[in-house]
There are 2 protein chains.
Amino acid sequence: MGAAATRAQIVEAADRLFYRQGYEHTSFAAIAEAVRISRGNFYYHFKSKDDILSAVIDARLEDRRRMLQRWEAEEADPAGRIRRFVEIVVTNRADIQNYGCPVGTLTTELAKLGHPALDEASGLFTLFRTWLREQFTQLGHPAQADALAMHVLAFSQGVATLAHAFRDEDFIRREVQRMHDWLSAYSGGTRSTASAVPEDGAQADA
Amino acid sequence: MGAAATRAQIVEAADRLFYRQGYEHTSFAAIAEAVRISRGNFYYHFKSKDDILSAVIDARLEDRRRMLQRWEAEEADPAGRIRRFVEIVVTNRADIQNYGCPVGTLTTELAKLGHPALDEASGLFTLFRTWLREQFTQLGHPAQADALAMHVLAFSQGVATLAHAFRDEDFIRREVQRMHDWLSAYSGGTRSTASAVPEDGAQADA
DNA sequence: ATCCGTCTAGGACGAGTGTCCTAAAGCGGT
DNA sequence: ACCGCTTTAGGACACTCGTCCTAGACGGAT
């Protein structure tokens, strides 16, 4: 079949299963059945289960990087890009309600397992954090950028966790709307009424 | 030793280990070592591992119920009670940074395992949701009460997940402050400037 | 057709799991 | 001191797990 193709199929199946069932709960037998491959054959492509996990994380990192680049190409202003990020939870609402956030659930599990790949998985959070920070900087809030980025991340994690627990789609939409309202105060254009958003430098919070 | 005492010790140790290591990753041997009891002896007190999980969830439910009752006794107005809830993430910041939220991480894991006790564990979320809804109702926002309760829950889950991933205590405090600011708009007293909070009934959103 | 490096199948291995069984230790009442 | 119920210890059981080993199938180059 070609080693590269088989390897890619393994990573793809493992990615899906790790997401849906968790890393520890997913056995080699389950992945083997999904790819229609013998259990022993894994060790030609990977040297351990941890090695597969590492490949899965790398694949997710690459995938998300491409997604962010696409957004940068499609959305001219940083406000639109951030809105795009906020919309993730409604775009992926089906998967999120069924399985939660792929990033949050994986890092949480790896942390509890004391798994060495935790740092690697945290890189997914860092990727988003850095990207969001850059968008907020471009939006004119350099000093608060990191705090704002973390706030948006916290929003997405909170929504994902609860939408997962309650299977509530309306909740997702309500929270997204609330987030958009909050964002509009920071999006150069409107700046809405008077109060609300403090100028950067007014207080060094980040 | 007395069956009740032993049983309580098992539940206590299992609770701590399930929280720190996850349910599936915690073996009977680990609990046995913690309680200094033989593995076989478990089945005198519990008929399966699932049964222990069930007892742990019940214990957590009881514990949280008492906590909420205490808050109701100590805080006269509902605004103070909600603030008390928001403060959880800073009160328990050490555990949260190390192990995440006990409720969120458990329900997420059980969902991935397809474990039948998931509904029982979700009851913890429902407990908080119902209680918060009641506080917002008393605060004068009956129509939005459930949506506001869910928003507060999402806040706590988002903060817990990210504080866990990044081990960032400052982040916790920033987000708590942000939440208190948001809350002050809903706390009858100030109602702050002009805009912001829509009166209940202005739109039926919940 | 032959050969050789690439890729795969299948089973064996030891460790660890939850569960169950049986014997015995502990202990209060007589 | 004895009995009977409660509580415990320890090992056996079947099973699943990740890992490893070896033999053979496949396919392109000669």
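Residues numbered from 1 in each chain as written. Chains lettered and ligands numbered in written order. Predicted model: local features only at pLDDT ≥ 70, side-chain atom pairs only at ≥ 80, totals over all residues. Heavy atoms only, no water.

- An unreviewed UniProt entry lists chain A under the name TetR/AcrR family transcriptional regulator, from Planomonospora alba.

**What to know about helix α1 (residues 3–21) of chain A**
Right, so step 1: Relative to the 27 Å expected for 19 residues at 1.5 Å per residue, α1(A) spans 26 Å between its end C-alpha atoms, a close match to the ideal helical length.
Right, so step 2: The complete set of buried residues in α1(A) reads A:Thr6, A:Ile10, A:Val11, A:Ala13, A:Ala14, A:Leu17, A:Phe18 and A:Tyr19.
Right, so step 3: Contact partners of the buried residues in α1(A): α2 (28–35), α3 (42–45), α4 (49–74), α6 (93–99) and α7 (102–113) of chain A together with α7 (102–113) of chain B.
Right, so step 4: Backbone geometry just after α1(A) places A:Gly22 at a positive phi near 95°. (Helix = DSSP H or I, 4+ residues; strand = E, 2+ residues; numbered from the N terminus. Expected span 1.5 Å × (residues − 1). Buried < 20%, exposed > 50% of the residue type's maximum accessible area, 1.4 Å probe, protein only. Contact = heavy atoms within 4.5 Å.)

**Quick word on the packing of aromatic side chains**
Right, so step 1: All told, the structure shown has 18 aromatic pairs over all chains when counted by the stated rule.
Right, so step 2: With 5.0 Å between their ring centres and 55° between their planes, A:Phe28 and A:Phe42 make a pair best called tilted. Highlighted residues: A:Phe28 in helix α2 and A:Phe42 in helix α3, separated in sequence by 14 residues.
Right, so step 3: Each ring, one from A:Phe166 and one from B:Phe125, has its centre 6.0 Å from the other, and the planes form 50°; the classification is tilted. Of this pair, A:Phe166 sits in helix α9 (residues 145–166) while B:Phe125 sits in helix α8 (residues 118–138), on two different chains. The two residues A:Phe166 and B:Phe125 agree in class, both being buried.
Right, so step 4: By the ring-pair criterion, three or more aromatic residues cluster together here, those being A:Phe28, A:Phe42 and A:Tyr43.
Right, so step 5: Stacked on the ring of B:Tyr23, the Lys or Arg B:Lys49 has its end atom at 4.6 Å from the ring centre.
Right, so step 6: For B:Arg129, the ring lying beneath its charged end belongs to A:Phe166, and the centroid distance is 4.6 Å. (Phe/Tyr/Trp six-rings, centres within 6.5 Å; stacked < 30°, edge-to-face > 60°. Lys NZ or Arg CZ within 6 Å of the ring centre and 35° of its normal.)

**Re the packing of α4(A) against helix α5 (residues 78–91) of chain A**
Residues and elements named next belong to chain A.
Right, so step 1: Remark: α4 packs on α5, axes separated minimally by 9 Å, with the N-to-C direction vectors making an angle of 135°. Taken as axis vectors, α4 and α5 run oblique relative to one another. Here α4 runs over α5; the crossing is right-handed. Where α4 abuts α5, its residues Met67, Arg70, Trp71, Glu72 and Glu74 lie against Arg81, Arg84, Phe85 and Ile88.
Right, so step 2: A per-class count over the contact of α4 with α5 returns 4 nonpolar, no polar and 5 charged. (Axes fitted to C-alpha atoms, helices over the stretch in contact; angles between N-to-C directions. Parallel < 35°, antiparallel > 145°, perpendicular 65-115°, else oblique. Left-handed = near helix turned anticlockwise from the far one by under 90°. Nonpolar A, V, L, I, M, F, W, Y, C, P; charged D, E, K, R; others polar.)

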